[in-house]
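# Architecture at a glance
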Amino acid sequence: MSAANLLQVPEEHLFGSDNLPYGLFSTEVESRRRLGVRFGDAVLDLGGAASALGSPHAEVLNGDSLGPLLASGLTVWREVRAELRGWLRPDAGEEIHDRLLPLLRPLAEVELHLPFEVADYVDFYASEHHATNVGRLFRPDGEPLTPNWKHLPIGYHGRAGTVVVSGTDVVRPNGQRKAPTEEVPSFGPSRRLDIEAEVGFVVGTPTRLGQSVPQSQFREHVFGVCLLNDWSARDIQGWEYVPLGPFLGKSFATSVSAWVTPLDALDAARTSPPARTHALLPYLDDSGDEVEQAGLDLRITVTLNGDVVAEPPFAAMYWTAAQQLAHMTVNGASLRTGDLFASGTVSGPEKHQRGCLLELTWGGREPLQLPFGQRAFLENGDEVTLTAWAPAANGRRLGLGEVTGRIVGGA
Ligand SMILES: O=C(O)/C=C/C(=O)CC(=O)CC(=O)O
Ligand SMILES: [Ca+2]
Ligand SMILES: [Mg+2]
């Protein structure tokens, strides 16, 4: 494809000018990592474009991480996005487009990297359907939902250092496994390796210790979203998680998409979360105007070795990201630029809307019959990809960057 064509992106393209997610790229000939914006099937060198076109934000955009842009706050996020949209408009003018053309790289020619340094990583448990199914599977003798579930967004602190970018191989973890029917644990590679289809939220603006972030200030602090796969070893998890929650069963790898979609691209996807069945404490109450439509209509597709195995609807999530951020900071815990918090497994009410194999195969008892064979949990060589789209202006759609990973055998 000629360079000139890279700027001609049809309006219906999933990565058109309504979208413009940010990433970090290098090429074979230019190994320095640079910020890029995905436009159609190409990446625009953002720092290069900002310098060439005299952007006041060139300094923030010329580094080797998304960090400085994340830290610069909502006003700058919006100014940069507005500049970009102006430059990429078909009628922006020949002079601007002539300067952009040499700064576009076809996607096929770039290597994508983790776009920001992950500060802290928190994972929630916000799908009522997922929590109910997992409760039934893990605690068949109890109530599926714990008594606190409808009163606070349950979460745990994960391991920031093992968050990896899409495309990174995932090594099957070793650990202690003990099925309920076994007397004692054994050690070895996980036999129940699973996925969790989730959406991650990337924090930009930090806070001080002692400060909390009300739901109404969500947009000031959260820059954007990525797709996230919270790989989970169910046998390790099932044995270790009482009483402190997930530990080694989930800390070996968490994959995120290489593209971070700014929240401003998702305005047309905003939607109301499900009706609340329990009164909420004021800091979590989302019945007021200020925080309405804090849900997001993102339609996720999960493929295993190229075959669709699930279509989880993010709009069905009970707790919103604004409630999660309010809860995470209500005790005064501070935020850092680069904090990542994930929604929890996205599952809808229907069977094919379940966001993990544990639920899809009902604890492994009902394996999926797929064209390449049957699967209860993941085998070495299996590749899982999450994609998603969201409604955009004028009935169009925009895409979230995919997150993919392949399982390889451990040591
Ligand atoms: O013990 C349980 O009920 C299950 C806990 C999890 O699987 C934690 C988790 O990652 C939650 C999620 O992704 O929704
Ligand atoms: Ca999870
Ligand atoms: Mg994980």
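Given the structure is predicted, the values throughout are model-derived calculations rather than measurements.

## Remarks on the UniProt feature "binding site: Ca(2+)" (unreviewed entry) in the protein chain
The UniProt record annotates "binding site: Ca(2+)" (unreviewed entry) at Asp-123, Glu-196, Glu-198 and Asp-230. In sequence the annotated residues extend across 108 residues, while in space they remain close, none of their C-alpha pairs exceeding 10.9 Å. Among the structural elements, Glu-196 can be located in the loop between β12 (193-194) and β13 (197-203). Non-local contacts of Glu-196, meaning those with residues more than four positions away in its chain, are made with Asp-123, His-130, Leu-228, Asn-229, Asp-230, Ser-232, Arg-234, Lys-250, Thr-345, Gly-355 and Cys-356. Turning to its location among the elements, Asp-230 is positioned in the loop between β14 (222-229) and β15 (232-233).

## Description of the coordination of the calcium ion (ligand 2)
Donor atoms from the polypeptide that bind the calcium ion (ligand 2) are Asp-123 (OD), Glu-196 (OE), Glu-198 (OE) and Asp-230 (OD), placed at 2.2 to 2.3 Å. Classification of the site at the calcium ion (ligand 2) as irregular follows from its six donor atoms and the range of 76 to 164° in their angles at the metal. Taken in chain order, the donor set of the calcium ion (ligand 2) reads D-x72-E-x1-E-x31-D. In this pair, Asp-123 sits in strand β6 (residues 121-124) while Glu-196 sits in the loop between β12 and β13, placing the two residues 73 residues apart along the sequence.

## Looking at the coordination of the magnesium ion (ligand 3)
Around the magnesium ion (ligand 3), the protein contributes the donor atoms Asp-230 (OD), Lys-250 (O) and Thr-254 (OG1), which lie 2.0 to 2.6 Å from the metal centre. Counting gaps between the donor residues of the magnesium ion (ligand 3) yields the pattern D-x19-K-x3-T. Using a relative accessible area of 7% as the deciding quantity, one classes Lys-250 as buried.

## A look at the site of ligand 1
Ligand 1 sits among 18 residues. The nearest are Tyr-125, Arg-139, Gln-237, Lys-250 and Thr-345. Here an oxygen atom of ligand 1 and a side-chain polar atom of Glu-196 are 3.0 Å apart. With the chains in place, 94% of the 380 Å² that ligand 1 exposes on its own is no longer accessible. Mapped onto the shell around ligand 1, the elements with two or more residues apiece are β6, α7 (128-138) and α9 (234-240). Counting residues per element, the shell around ligand 1 draws most heavily on α7, at three residues. A class-by-class count of the residues in the shell around ligand 1 yields seven nonpolar, four polar and seven charged.

## Notes on the nonpolar core
In a soluble, globular protein the nonpolar side chains are often hidden away together inside. Of all hydrophobic cores here, the largest spans 69 residues; its most connected members are Phe-201 and Phe-341. Excluding anything up to four places from it in sequence, Phe-201 contacts Phe-218, Val-222, Gly-224, Val-225, Leu-296, Phe-314, Ala-321, Asp-339, Leu-340 and Phe-341. Val-163, Cys-226, Leu-340 and Ala-342 belong to the second-largest nonpolar core, a separate cluster that totals 42 residues.

## Section: the environment of Pro-246
Structurally, Pro-246 can be placed in the loop between α9 and β16 (254-256). Overall, the relative accessible area of 22% leaves Pro-246 in the partly exposed class. Considering only alpha carbons, one finds Pro-246 and Ser-232, 14 residues apart in sequence, at a separation of 9.2 Å. When near neighbours in sequence (up to four residues on either side) are disregarded, Pro-246 contacts Tyr-156, Glu-240 and Tyr-241.

## Observations concerning helix α10 (residues 321-329)
Of all nine residues in α10, eight are buried; the element is thus mostly enclosed. Of the residues making up α10, those classed as buried are Ala-321, Ala-322, Gln-323, Gln-324, Leu-325, Ala-326, Met-328 and Thr-329. Structurally, α10 contributes buried residues whose contacts are with β6, β13, α8 (218-221), β14 and β22 (340-342).

## A look at the sheet that holds strand β9 (residues 170-171)
Reading across the sheet, the five strands line up as β9-β26-β25-β20-β21 and stay open at both edges, with mixed pairing between neighbours. Strands with a single pairing partner mark the edges of an open sheet, and in this sheet they are β9 and β21 (307-310). Relative to strand β25 (residues 383-391), strand β20 (residues 299-304) runs antiparallel, the two sharing six bridges. Residue pairing across strands places Thr-301 opposite Thr-387, the latter belonging to β25.

Calculation criteria
- Residues numbered from 1 in each chain as written.
- Chains lettered and ligands numbered in written order.
- Predicted model: local features only at pLDDT ≥ 70, side-chain atom pairs only at ≥ 80, totals over all residues.
- Heavy atoms only, no water.
- UniProt positions renumbered as here; feature names shortened; annotations may be inferred.
- Helix = DSSP H or I, 4+ residues; strand = E, 2+ residues; numbered from the N terminus.
- Contact = heavy atoms within 4.5 Å.
- Donors = N, O, S within 2.8 Å, 3.2 Å for Na, K, Ca; no water.
- Tetrahedral: all angles 85-135°; square planar, octahedral: opposite > 155°, others 65-115°.
- Buried < 20%, exposed > 50% of the residue type's maximum accessible area, 1.4 Å probe, protein only.
- Near = heavy atom within 4 Å.
- Polar contact = N/O pair within 3.5 Å; in protein donor to acceptor, adjacent residues only side chain to side chain.
- Areas by Shrake-Rupley, 256 points an atom, 1.4 Å probe, with all protein chains shown as cover.
- Nonpolar A, V, L, I, M, F, W, Y, C, P; charged D, E, K, R; others polar.
- Core = buried A, V, L, I, M, F, W, Y, C linked by side-chain atoms within 4.5 Å.
- Pairing = 2+ DSSP bridges.

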